[in-house]
Amino acid sequence: MKKFLPWVAAIALILAGGTLWLVSRDNRSGNGDQQIKSPHFVDSTPLHGETYAAQPVNVTINFNFDIADNSEIKVNGGGREWTAAPTKVEDAQTALKADLKPGMPDGEYIVEYRACWPDKSCHDGQFSFRIDSSDRTGYRDLRGKKEVTIRMASIAFSDPKILVSTGTEVTWVNDDEAGHFVNTETHPEHTYFPGQNSREIPKGGEFKTTFNTLGQYSYHCSAHYPGMVASLIVSE
Ligand SMILES: [Cu+2]
């Protein structure tokens, strides 16, 4: 009997070790919504933990270091992966961007990325965001118009939350003495939808851009950030 004891102890140890491994693996997948920042990560659109009222048109990640072309972003939620095209490198090699397929339902999305550097080493990170279309109740419905004008007055956007249709030309007009800007997320990188970045708009001046892709476009005036922020949703 005595010579079996070491075997019993060994089997018990193996079972205990296996159980611990399974439990730790479960915990890790259960914490998929945690943020893991790779080295040189600065910020992202959407931000970690942010809730959008409509899907983003892309995921953009900003770094304070040069990024190589073999870097990659994957966006998982609702049982599938949503990136529409190979990951791009923009903004003087410091922004990673993946366009997203349309039709993303409400729910949580996990962004996993691999940031590769010029020395060919790669570094993983992740973050999460949510889509909750019930948040659209606060948006003014301006769908069906070919052109929409937003005024910048008293250091604010006149319509800070609007819904517009695909192909709408939006014009921002500055009524203030102070100069204003229109800038896409994030501040100060402005990399999410660069077509929505103006130069300084003086009093009486304007800036316009056309929105052709369904999704949410949060933006701000970089001279009066974070007080002067707004959001526009291109919707069917
Ligand atoms: Cu401003």
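Every value quoted in this text rests on a predicted model; they were computed, and no experiment measured them. (Residues numbered from 1 in each chain as written. Predicted model: local features only at pLDDT ≥ 70, side-chain atom pairs only at ≥ 80, totals over all residues. Heavy atoms only, no water.)

1. Points about the packing of aromatic side chains
Where two aromatic rings form a pair, the distance of their centres and the angle of their planes describe that pair.
Argument step 1. Going through the model one piece at a time under the given rule, you end up with 15 aromatic pairs.
Argument step 2. Between Phe63 and Tyr113 the ring centres are 6.0 Å apart and the planes differ by 70°, which places this aromatic pair in the edge-to-face class. Residue Phe63 is located in strand E3 (residues 58-63), and its partner Tyr113 is located in strand E8 (residues 107-116); the two are separated by 50 residues in the primary sequence.
Argument step 3. Phe63 gets classed as buried once you look at its relative accessible area, which sits at 4%.
Argument step 4. Accessibility expressed as a relative area gives 2% for Tyr113, which makes it buried.
Argument step 5. Taken together, the aromatic side chains of Phe157, Trp172, Tyr192, Phe193, Phe207, Phe211, Tyr217 and Tyr219 make up a single cluster linked through ring pairs.
Argument step 6. Here the basic side chain of Arg80 rests over the ring of Trp82, its NZ or CZ set 3.9 Å away from the ring centre. (Phe/Tyr/Trp six-rings, centres within 6.5 Å; stacked < 30°, edge-to-face > 60°. Helix = DSSP H or I, 4+ residues; strand = E, 2+ residues; numbered from the N terminus. Buried < 20%, exposed > 50% of the residue type's maximum accessible area, 1.4 Å probe, protein only. Lys NZ or Arg CZ within 6 Å of the ring centre and 35° of its normal.)

2. Some points on the sheet that holds strand E12 (residues 156-157)
Argument step 1. If you trace the four strands from one edge of the open sheet to the other, you get E12-E11-E14-E16, paired in mixed fashion. Pairing within the sheet leaves two strands with one partner each, and these edge strands are E12 and strand E16 (206-211).
Argument step 2. Two strands pair when backbone bridges link them, and strand E11 (residues 147-153) and strand E14 (residues 168-174) are joined in this way by six bridges, in the parallel orientation. The residue bridging Thr149 from the neighbouring strand is Thr171, located in E14. (Pairing = 2+ DSSP bridges.)

3. Some details on the coordination of the copper ion
When a metal carries six donors in an octahedron, the ideal angles between them are 90 or 180 degrees, while four donors in a tetrahedron ideally lie at 109.5 degrees.
Argument step 1. Those donors, His180 (ND1), Cys221 (SG) and His224 (ND1), are the protein atoms that reach the copper ion, and they lie 2.0 to 2.1 Å from it.
Argument step 2. Going along the chain, you hit the donors of the copper ion in the pattern H-x40-C-x2-H. Residue His180 is located in the loop between E14 and strand E15 (183-184), and its partner His224 is located in the loop between strand E17 (215-220) and strand E18 (229-234); the two are separated by 44 residues in the primary sequence.
Argument step 3. On the accessibility criterion, His224 (22% relative accessible area) is partly exposed. (Donors = N, O, S within 2.8 Å, 3.2 Å for Na, K, Ca; no water.)

4. Notes on the sheet that holds strand E1 (residues 41-45)
Argument step 1. The sheet built from four strands is open, its strands ordered E1-E3-E7-E6 with antiparallel pairing. The outermost strands of the open sheet, each flanked by one partner alone, are E1 and strand E6 (88-90). Put simply, the sheet's adjacent strands are angled 25° from each other on average, direction ignored. (Axes fitted to C-alpha atoms, helices over the stretch in contact; angles between N-to-C directions.)

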